[in-house]
Amino acid sequence: MSTGAGTAPAPAEQRWLIAANVVRWRRYGDGGQELRPGTKSYRGGSKVYVIESYAGSGHEQLTTVGRGRRTGTYVTNGMATRNLHTFRAVPVHSPTVLRLCEEADVGGCWTTREDAEELAVRLDRLAVEYRTTHWDRAHPVPCRCHECLTLSPV
């Protein structure tokens, strides 16, 4: 069966990606003394899919696909690993996400669950490390960054 002229071929029905959530608050500015909600492109708590990880730079930067902060439509964006948390392997069925993954041509759709889970565990560990070592000054008081919120009693 062929596709009509000008239409892109349909992506696979299911692929494995790594999902993560954007931190609700991130440290920002001189020495990390300011706090900002989410990131410039994504709201805090948004679910994003990792479609590329740069092993050569220690996985400090990732390429992600998620719903944009202002438009609500899917955007592809590079971002720092420290601004994400709760990495996990998930099967993705969304035609839009799979199409953006293929259009980015970065090869982030893993074929096996084990490969995606292995990288998700590594990225989760590195994100914690990068959040704690990125800033050279103590946290602002009071602090609502991801580490302080997860360590505070409920």
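These remarks concern the structure in this document.

Rules behind the numbers
- Residues numbered from 1 in each chain as written.
- Predicted model: local features only at pLDDT ≥ 70, side-chain atom pairs only at ≥ 80, totals over all residues.
- Heavy atoms only, no water.
- Helix = DSSP H or I, 4+ residues; strand = E, 2+ residues; numbered from the N terminus.
- Contact = heavy atoms within 4.5 Å.
- Areas by Shrake-Rupley, 256 points an atom, 1.4 Å probe, with all protein chains shown as cover.
- Phe/Tyr/Trp six-rings, centres within 6.5 Å; stacked < 30°, edge-to-face > 60°.
- Lys NZ or Arg CZ within 6 Å of the ring centre and 35° of its normal.
- Buried < 20%, exposed > 50% of the residue type's maximum accessible area, 1.4 Å probe, protein only.
- Pairing = 2+ DSSP bridges.

Thoughts on the overall build of the protein chain
Helix and strand content of the protein chain: three helices and seven strands. Listing every helix and strand of the protein chain by position from the N terminus yields β-β-β-β-β-β-β-α-α-α. Taking the intrachain contacts of the protein chain between residues at least 6 apart in sequence as the baseline, contacts between residues at least 24 apart amount to 65%. Accessible surface, the protein chain as shown: approximately 9000 Å² in total, 51% of it carbon and sulfur.

Observations concerning the packing of aromatic side chains
Applying the stated criterion across every chain, the model contains zero aromatic pairs. Across the ring face of Y28, the terminal group of R36 is positioned such that the distance to the ring centre comes to 3.7 Å.

Examining the environment of A120
On the secondary structure map, A120 appears in helix α2 (residues 113-133). The class of A120 is buried, set by a relative accessible area of 3%. Separated by 33 residues in the primary sequence, A120 and F87 have C-alpha atoms spaced 5.1 Å apart. Not counting residues within four places of it along the chain, the set of residues in contact with A120 comprises I18, F87, R88 and A89.

Things to note about the pairing of strand β5 (residues 61-67)
Burial analysis of β5 places five of its seven residues in the buried class, the great majority of the element. As paired elements, strand β4 (residues 47-53) and β5 share five bridges and run antiparallel to each other. Within β5, the position partnered with V50 by the bridge is T64. Between β5 and strand β6 (residues 74-80), which pair antiparallel in sequence order, lie six residues; one of them, G72, sits at a positive phi of approximately 80°.

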